[in-house]
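Structural description and commentary
Chain by chain, the residues run as shown.
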Amino acid sequence: MSTSDLAISVDNAEKAFGPNRVLRGVTLSIRHGESFALIGSSGTGKSVMFKSILRLIRLDSGTILINGRNIHESHGVDYSRIGVLFQEGALFDSMTIWQNVAFRLMRGNDRIPTARARSIAVEKLERVGLTAEVADLYPSELSGGMKKRASLARAIAADPEIIFFDEPTTGLDPIRATIINELIRDIVRESRATAVTITHDMQSVRIISDRAGLLHDGQLVWHGDSQSLESGKNPYLKQFVRGASEGPMKLTI
C-alpha cells in the first residue's frame, strides 16, 4: 500500500517514561475514509499513541505521518483539518455551548465572522440531536449525555478530514452509549472522514469501526476486520474480547 493511500501511518513508534516502555515498536496504517478502532485494556498504550499522533507527546523514536507528511516537520500537517472528541468532553466552562462548538472557527487565519460561526454551531448541535435553545446555555447546565453530544458537535464543526474519538462512551449508561455510538457511525459515514476511535468498549468497536487493532503491553498484537473480533484466533484478542464482556482481562500466556 502506497503512502498516498494512507491517512495515518505509524512506523516503529517507541515511547518510554523512565523505565516504563509504553510503546514498543508500534506500526500501523489507517486508510483514507476508514473507521479504525485502537483497542486494548487500560495501561496498554492507547492514550499515549493517541496523544503522540496529536503531537501532545513526542515519541522517543519512530515516525508518524498524516496524509504522507511527518507530523514534526515544519509546514507539515494541517491540524485544523482534524477534529477531536476528548474522553471527558473538555468543554470550556466559561463559554456558552455555541462558543465551545465554534471555538476553532473563530480563531486562526481562517477565522470566520461571529454570526456565521454561531450559525454553523447551531447547525452542528442540531445534527447531534440538540436543539437551538441549548446554544446559549453553559456546560454546567447540561447533562452528561448532552455534554457528550456538544463535544461531538465541536469535533465536527470545521468538517474535518480526520476525526479522533477518545473513549466516546465513557461515563454514559448503556442506552446513551449506544445512541452516541450510532450517532458517531452515521456522522462518519455521511462526512466520509477518516475516523480513529480509542476505546476498550467492544460495543463502540462493533458499531463504529470497519477495522481494529489490539494493543497489548505497548505492542500491536492483532489487527483485522472488526466483524472478525469474536472469531479471531489470536490468544490476546480472544482474552480481550472475553474480558471486555466478563470483566478485567488476565492474560495467561
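Each value, and the rule that gives it
Residues numbered from 1 in each chain as written. Predicted model: local features only at pLDDT ≥ 70, side-chain atom pairs only at ≥ 80, totals over all residues. Heavy atoms only, no water. Helix = DSSP H or I, 4+ residues; strand = E, 2+ residues; numbered from the N terminus. Rg over C-alpha atoms; globule rule 2.2 N^0.38 Å. Buried < 20%, exposed > 50% of the residue type's maximum accessible area, 1.4 Å probe, protein only. Areas by Shrake-Rupley, 256 points an atom, 1.4 Å probe, with all protein chains shown as cover. Lys, Arg positive; Asp, Glu negative; His and termini not counted. Charge placed at Lys NZ, Arg CZ, Asp CG, Glu CD. Phe/Tyr/Trp six-rings, centres within 6.5 Å; stacked < 30°, edge-to-face > 60°. Expected span 1.5 Å × (residues − 1). Contact = heavy atoms within 4.5 Å. Pairing = 2+ DSSP bridges. Axes fitted to C-alpha atoms, helices over the stretch in contact; angles between N-to-C directions. Parallel < 35°, antiparallel > 145°, perpendicular 65-115°, else oblique. Left-handed = near helix turned anticlockwise from the far one by under 90°. Nonpolar A, V, L, I, M, F, W, Y, C, P; charged D, E, K, R; others polar. Salt bridge = Lys/Arg side-chain N within 4 Å of Asp/Glu carboxyl O.

Here we take up the overall build of the chain. For the chain, the count of helices and strands is 7 helices and 10 strands. Whereas a compact globule of 253 residues would reach a radius of gyration of roughly 18 Å, the chain reaches 18 Å, a difference of no more than 12%. The buried share of the chain, taken over its 253 residues, is 49%. On the chain, roughly 12500 Å² of surface is accessible, and the fraction owed to carbon and sulfur atoms is 47%. Side-chain charges of the chain comprise 31 positive and 29 negative groups, with the mean position of each set lying 2 Å from the other.

Leaving glycine out, the prevailing phi sign among residues is negative, and the prevailing peptide bond configuration is trans. For Arg 55, which is not glycine, the phi torsion reads 65 degrees and is therefore positive. Since its relative accessible area comes to 40%, Arg 55 is described here as partly exposed. Residue Asn 67 is not a glycine yet carries a positive backbone phi of 50 degrees. Tracing the sequence through the fold places Asn 67 in the loop between strand S4 (61-66) and strand S5 (69-70). Residue Asn 67 is classed as partly exposed on the basis of its relative accessible area of 37%.

Once that is clear, we can look at the packing of aromatic side chains. Enumeration according to the criterion identifies 3 aromatic pairs in this entry. On the basis of an interplanar angle of 70 degrees and a centroid distance of 6.0 Å, the ring pair of Phe 50 and Phe 164 is categorised as edge-to-face. Placement of Phe 50 in helix H1 (residues 46-53) and of Phe 164 in strand S7 (residues 162-166) is noted, with a sequence separation of 114 residues between them. Like Phe 50, the residue Phe 164 is buried in the burial classification.

Here we come to helix H3 (residues 114-127). In an α-helix, one full turn covers 3.6 residues, which means residues spaced three or four apart are oriented alike. When the terminal C-alpha atoms of H3 are compared, their 20 Å separation across 14 residues agrees well with the 20 Å that a helix rising 1.5 Å per residue should span. Every buried residue belonging to H3 is among Ala 117, Ile 120, Ala 121, Val 122, Lys 124 and Leu 125, and all of these are buried. On its buried face, H3 is in contact with helix H2 (97-101) and helix H4 (144-156). Backbone geometry just downstream of H3 places Gly 129 in the positive-phi region, at approximately 90 degrees.

Moving on: the pairing of strand S2 (residues 20-31). Pairing between strand S1 (residues 6-17) and S2: 9 bridges, direction antiparallel. Bridge assignment links Leu 6 to a residue of S2, and that residue is Arg 31. The antiparallel hairpin formed by S1 and S2 contains 2 residues in its connecting segment, where Gly 18 sits at a positive phi of about 65 degrees.

For the rest of this paragraph, the subject is the pairing of S1. Here 5 bridges tie S1 to S4, and the two strands are oriented antiparallel to one another. Considered in S4, the bridge of Val 10 is made with Ile 64.

So, about the packing of H3 against H4. In contact at an axis separation of 9 Å, H3 and H4 are set at 125 degrees when each is read in the N-to-C sense. Relative to H4, H3 is oriented oblique. When the axes of H3 and H4 are compared, the crossing they make is right-handed. Contacts between H3 and H4 involve Lys 124, Leu 125 and Arg 127 from the first element and Ala 150, Ala 153 and Ile 156 from the second. In the contact of H3 with H4, the residues fall into 4 nonpolar, no polar and 2 charged.

In this section: the environment of Gly 43. Inspection of the secondary structure puts Gly 43 in the loop between strand S3 (35-39) and H1. Along the sequence, Gly 43 and Lys 233 sit 190 residues apart, while their C-alpha atoms lie 23 Å from each other.

All right, on to the pattern of salt bridges then. Summed over all chains, the structure comprises 11 salt bridges. With its nearest N and O atoms 3.8 Å apart, the salt bridge here joins Asp 217 to Arg 24. Residue Asp 217 is located in the loop between strand S9 (211-216) and strand S10 (219-225), and its partner Arg 24 is located in strand S2; the two are separated by 193 residues in the primary sequence. What emerges from the salt-bridge pattern is a single network uniting Arg 31, Glu 34 and Arg 211.

Read across the open sheet, the 6 strands follow the order S6-S7-S8-S3-S9-S10; overall the sheet is mixed. The strands lining the two open edges of the sheet, one partner per strand, are strand S6 (82-85) and S10. With strand direction ignored, the average angle separating the axes of adjacent strands in the sheet is 15 degrees. In this sheet, S10 lies alongside S9 in antiparallel orientation, the contact comprising 6 bridges. Its bridge partner being in S10, His 216 is matched across the sheet by Gln 219. With respect to the sheet, H4 is in contact with S6 and S7, its orientation differing from that of S6 by roughly 170 degrees.

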